[in-house]
Amino acid sequence: MKGELPGERPVRDVTAMPPAPEHDAAVDIFRDSLGVPHIKASCANDAFFGQGFAHAEDRLWQMDCDRRRAQGRWAEYAGPAGVASDRLMRRLRLAETARRDYAQATPETRAMLDAYAAGVNAFLAGTDRLPAEYALLGARPEAWEPWHGLALYKGRHVVMGVWEAKLFRARLVRQVGLARMLALYPYGRPDELLVLPPDTTYDGPAGVALDELAEAVAALDWLKDEDGGSNNWVVAGSRTASGKPLLAGDPHRAVDVPNVYYQNHIACDTFDATGLSFPGLPALPHFGHNGRVAWCITHAQADTQDLFVERFDPENPSRYLFQGEWRDAEVRREIIQVRGAAPVAVDITVTHHGGVVAGNPADGCAITMRYTATLAENPGWNCLLPMLTARSCAELDGVMCDWVDPVNNLLSTDVDGNIAYRMRGLLPMRPLANAWLPVPGWTGEHEWQGMVPYAELPHLVNPACGYIVTANNRIVGADYPHYISISYSADFRARRIVERLRHATGLTPADMAAIHADVLSLPALQFLRLLGRVQPRTAAGAQAKALLQKWNGQILAESAAAAIYNLMREELTGAVLRPLLGPLEPTAYQLAGRGGPALVTTFRQRIFDLVERDDRSLLADGANWDDLLTEALERAVTKLQELFGEPMHGWLWGLLHQLRPAHALAAAFPDEAHRLQPIAAAMDGDNDTVQAAGYIPATGFTVTIASVARYLFDVADWERSGWVVPHGASGEPDSAHFADQAPAWRAHTLHPMTYDWQRIAVAAKSRQRLEPATT
């Protein structure tokens, strides 16, 4: 069909399209008013061919960027600034294990990956216009290989693990001692809200026995001081106006340019599914629905990465000690090519635990990382295709038994009215000491003892209360027999969502979507209860206190009280934490990552608990909370005066708290930054609100984490579903769809997620037909 729709894209005869075993037909790609592709094919492999083609057409640079980072080849584009990342990724062996995963996948999974890669390469072969980034670099993209998507997915998620936190805690023990380190990382908070059962709280221990960690601490003596979220909820039909469930949520990540997720719709003779995918990887692994089932995930915060202190033979660093015997490590040298500089050699050393990620084996000790995603077998990719064809929550649950990493909180609902929760992913069984610090690798006492059986992972179907909420908070209580994590997020977002659902009935899609925009801060309300203890010493301090006393705890961009509150809490946190950190302060306050900066965030979130309990165990001798609160307010006021002058009502949170999405090449090409990046925007919310807009000390109050998509699935009528992303469908700065969804995203409105093919065809703004190969 040619020339049917006004403004259609050129019809392409894609000669690289591989014939499928039983099908050899055209693929149609309809583009809606947002440029979102709706891909229709006769068979599954042709649908994935079309998905690969569409991904490449809209996000080729992003795909190339992500695969190079995962392969440890980013310095080829980024120059010397990319070497440190490349060195780590090579030592983590993401590319090596991705190749192995592809080779071990089922024939159906390999066929899916092959077809997707063929679609990408068909676009590369037929295009005469590459993304603008290639002109800046003077480069051309390489052909896409089927395993590349597996590598980039691992690269996206390895940094979401806990290994950085364990490494930082090891350094922190040396600075403050074991007891104080544990005080800074409490195992649980009193009355912490749980995911399961819904609306219940944690009543287990808040600490861990010191002797459990003594051996691990002793193993860290060699370390030198010089050595880097989301919400979802589902409600049952008993609480909705339609009598059918509603499922909603929003993943929280760094707001990349382009955005990490991509809206697309893929259909064939065996499935018809729409949702959000990762450019570079086929299917819809995190968020989507077909004609019968909808699914979405949040990060379960599970601990799937252990660090082992290895003893190497100084005379022969290719040998390491294990249970009294020397074993041969796998050792090789790789060369990192560096744009504009000399190549850099990197030595890769691998023990049975994993690759060395810190230290030098030649010194006699180093740290290796064992990680579920790089184990000898990773069958998780075999879940991708069956997810698209699942016909019920129960069937989807059965599909997930092979999922590996990341470990997710998976919520689902189906047209029969079921709602369900499932933790999916591999969860290692090992001693609790492994949770906290790098542990001795030579004794054999900290080895993994298998994986938690799938049937024993937390799961729930159709709770009596009629809702399930997850927001990276603690999942189960102290009676659960297996260790999951010590690194859960504070429960503020989960509590706020539950507050809005607990007594709600007659819920509509609009009610669910409104939860996305909630910016009431529960810690702010806790702070307001403490405000009477603040005794200002200046007129400006007294004026600020008066302004706070009239505040309702809403973190709005146009609120001066929100700015005073956030600066005051930051000052209070720093007054306690900075002296404790000592020489580690720059690691926590000047860098990014999940080590020191994560400690600052979690300590900030619980500091008012310490004030309420008058817990002075972490304070300097003679210090008290009332004085610290007062001093924090005065310092915050002084800083705001220096920034904005008078009057006080002009000290708007949005002047400090802005989203400034950064393109990966903006620093290298500053003259092009204005073209490569969307404009900055003031944002409501903070780290603790449902509408997440987090920040870390290294960037001031600039937003570093936010909703990278918002979605709503209505099983009563799929046409009432909706979605929005921060920028747009295209990664091309010159495209009309580069940032056309930004206004709706900032206004917390959703665009229709059209599913009906007749409506799609009628409303389409363009249509492409990818013709099969001719013989």
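Residues numbered from 1 in each chain as written. Predicted model: local features only at pLDDT ≥ 70, side-chain atom pairs only at ≥ 80, totals over all residues. Heavy atoms only, no water.

### As for the overall build of the protein
The following threshold applies: Helix numbers and strand numbers start at the N terminus; a helix is a DSSP run of H or I with at least 4 residues, a strand a run of E with at least 2. Based on C-alpha atoms, the radius of gyration is set beside the globule rule, defined as 2.2 Å times the residue count to the power 0.38. Each residue is assigned to one of three classes by its accessible area relative to the maximum for its type, calculated with a 1.4 Å probe on protein chains only: buried under 20%, partly exposed between the two thresholds, exposed over 50%. Counting rule for charge: Lys and Arg are taken as positive, Asp and Glu as negative, and neither His nor the chain ends is counted. Working definition for charges: the position is that of NZ of Lys, CZ of Arg, CG of Asp or CD of Glu.
When its secondary structure is counted, the protein shows 24 helices and 29 strands. The C-alpha atoms of the protein give 26 Å as radius of gyration, which agrees with the globular expectation for 775 residues (28 Å, within 12%). In terms of principal-axis extent, the alpha carbons of the protein reach across some 85 × 70 × 55 Å. Split into buried and exposed, the 775 residues of the protein put 62% on the buried side. One finds the centroid of the 72 positive side-chain charges in the protein at a distance of 2 Å from the centroid of its 92 negative side-chain charges.

### Section: the nonpolar core
Selection rule: We call a set of buried Ala, Val, Leu, Ile, Met, Phe, Trp, Tyr and Cys residues a nonpolar core when their side-chain atoms join them within 4.5 Å. Two residues qualify as a contact provided that any one of their heavy atoms is within 4.5 Å of a heavy atom in the partner residue.
F48, F271, L388 and M423 are the most contacted members of the largest nonpolar core, which has 117 residues in total. Per element, the largest residue contribution to this core is 12 residues, and it comes from helix α1 (residues 44–71). If sequence neighbours within four positions are ignored, F48 has contacts with M112, A115, Y116, I266, F271, P282, A283, L385 and L388. Within the second largest apolar cluster, 67 residues are counted, among which are L172, L437, L599 and W625.

### Here we look at the packing of aromatic side chains
The description of an aromatic ring pair rests on the distance of the ring centres and on the angle between the ring planes. Heads up, the condition is: Aromatic rings from Phe, Tyr and Trp, taking only the six-membered ring of Trp, are treated as a pair when their centres fall within 6.5 Å; an angle between ring planes under 30 degrees marks them as stacked, one over 60 as edge-to-face, and anything in between as tilted. Sitting over a ring, as applied to charges here, requires NZ of Lys or CZ of Arg to be within 6 Å of the ring centre and within 35 degrees of the ring normal.
Scanning the model with the defined rule gives 24 aromatic pairs in all. Considering the side-chain rings of W74 and Y77, the 6.3 Å spacing of their centres and the 75° angle between planes classify their relative orientation as edge-to-face. Here the two residues W74 and Y77 agree in accessibility, since each one is buried. Seen in terms of ring centroids, W653 and Y695 are 6.2 Å apart; in terms of plane orientation they differ by 70°. Their pairing is edge-to-face. A residue pair is termed long-range when its members are at least 10 positions apart, and W653 in helix α21 (residues 653–656) and Y695 in the loop between β24 (693–694) and β25 (705–707) qualify at 42 residues. What makes W653 buried here is its relative accessible area of 0%. Assessed through its relative accessible area of 1%, Y695 is described here as buried. Positioned over the ring face of W442 is R311, at 3.7 Å from the centre of the ring. Its guanidinium or amino end placed over the ring of Y589, R578 lies 3.8 Å from that ring's centre, counting from NZ or CZ.

### Some thoughts on the pairing of strand β16 (residues 365–371)
In plain terms, the rule: Strands qualify as paired when DSSP identifies two bridges or more between them.
Among the seven residues in β16, six count as buried, and that is most of the element. In this structure, strand β10 (residues 305–313) lies alongside β16, joined through seven bridges in antiparallel fashion. Paired with D306 across the strands is R370, a residue of β16. Following strand β15 (residues 355–360), the chain reverses through four residues before pairing antiparallel with β16; G364 in that reversal takes a positive phi of roughly 100°.

### Quick look at the pairing of strand β3 (residues 37–40)
If a strand is regular, its side chains alternate between the two faces of the sheet. Here four bridges tie strand β2 (residues 27–31) to β3, and the two strands are oriented antiparallel to one another. Within the sheet, the bridge partner assigned to F30 lies in β3 and is H38. Hairpin connection between β2 and β3: a loop of five residues separates the two successive antiparallel strands, and G35 in this loop has a positive phi of roughly 80°. The pairing of β3 with strand β6 (residues 262–267) spans three bridges and is classified as parallel. Across the sheet, residue H38 finds its bridge partner in β6, namely H265.

### What to know about helix α5 (residues 107–126)
To keep it simple, the criterion reads: A helix's residues, less one, multiplied by 1.5 Å, set its expected span.
When the terminal C-alpha atoms of α5 are compared, their 28 Å separation across 20 residues agrees well with the 28 Å that a helix rising 1.5 Å per residue should span. At its buried positions, α5 is contacted by α1, α4 (94–104), α7 (148–158) and α11 (384–389).

### Let's talk about α4
Selection rule: Arc definition: it is the arc formed by the directions from the helix axis to the C-beta atoms.
Within the span of α4, buried status applies to L94, A95, T97, A98, D101 and Y102. Seen from one end, α4 has its buried residues packed into an arc of 165°, which puts them on one side. Residues of α4 that are buried make contact with α1, α3 (83–92), α5 and α7.

### Some remarks on the state of the cysteines
The following threshold applies: Cysteine sulfurs are considered disulfide-paired once they come within 2.5 Å of each other.
Enumeration according to the criterion identifies zero disulfides in this entry. Between C383, a free cysteine, and C401, which holds the nearest cysteine sulfur, the sulfur-to-sulfur gap is 6.6 Å.

### Brief notes about the packing of helix α15 (residues 522–530) against helix α19 (residues 596–613)
As a reminder, the rule being used: Every axis corresponds to a line fitted to the C-alpha atoms, with the helix fit spanning only the stretch in contact, and the corresponding angles, defined between N-to-C directions, vary from 0 to 180 degrees. Should an angle fall under 35 degrees it is called roughly parallel, over 145 degrees roughly antiparallel, and 65 to 115 degrees roughly perpendicular, with every other angle called oblique. Helix crossings get a hand from a simple test, with the near helix turned counterclockwise from the far one by less than a right angle marking a left-handed crossing and a clockwise turn marking a right-handed one. Residues are sorted three ways: Asp, Glu, Lys and Arg are charged, Ala, Val, Leu, Ile, Met, Phe, Trp, Tyr, Cys and Pro are nonpolar, and all the rest, Gly among them, are polar.
It is at 10 Å that the axes of α15 and α19 come closest, and there the two elements cross at 30°. Considered as vectors, α15 and α19 are oriented roughly parallel to each other. Crossing of α15 over α19 shows left-handed handedness. Facing α15, whose interface residues are P523, Q526, F527, R529 and L530, α19 presents F608, D609, V611 and E612. Partitioned by chemical class, the residues of the contact of α15 with α19 number five nonpolar, one polar and three charged.

### Some remarks on the confidence of the model for the protein
Definition in use: Per-residue confidence from the predictor is reported as pLDDT, a score between 0 and 100.
Residues of the protein with pLDDT of at least 70 account for 93%, and the chain-wide mean is 92. Throughout residues 1–23 the model reports pLDDT below 50, and contacts reaching past four residues in sequence, or to other chains, amount to 63 contacts. In this model residues 220–228 is a low-confidence stretch, pLDDT under 50, and it forms 23 contacts with partners more than four residues away in sequence or in other chains.

### Regarding the environment of Q677
Short version of the rule: Definition of a polar contact: a pair of N or O atoms within 3.5 Å, with one able to donate and the other able to accept a hydrogen when the atoms are protein atoms, and with sequence-neighbouring residues admitted only if both atoms are side-chain atoms.
Among the structural elements, Q677 can be located in the loop between α22 (673–676) and β23 (681–682). Residues in contact with Q677, not counting those within four places in the same chain, are P661, A662, H663, A666 and F738. A distance of 3.0 Å separates a polar side-chain atom of Q677 from the backbone nitrogen of H663.

### Regarding the environment of G364
As for its placement among the helices and strands, G364 is situated in the loop between β15 and β16. Residues G364 and A681, 317 residues apart in the sequence, show an inter-C-alpha distance of 50 Å. Leaving out residues up to four positions away in the same chain, G364 has contacts with E310, R311, F312 and P314.

### Considering the environment of P131
Assignment of secondary structure puts P131 in the loop between α5 and α6 (132–137). Between the C-alpha atoms of P131 and D58, which are 73 residues apart in sequence, the distance is 9.0 Å. When neighbours within four sequence positions are excluded, P131 is seen to be in contact with L60, W61 and E732.

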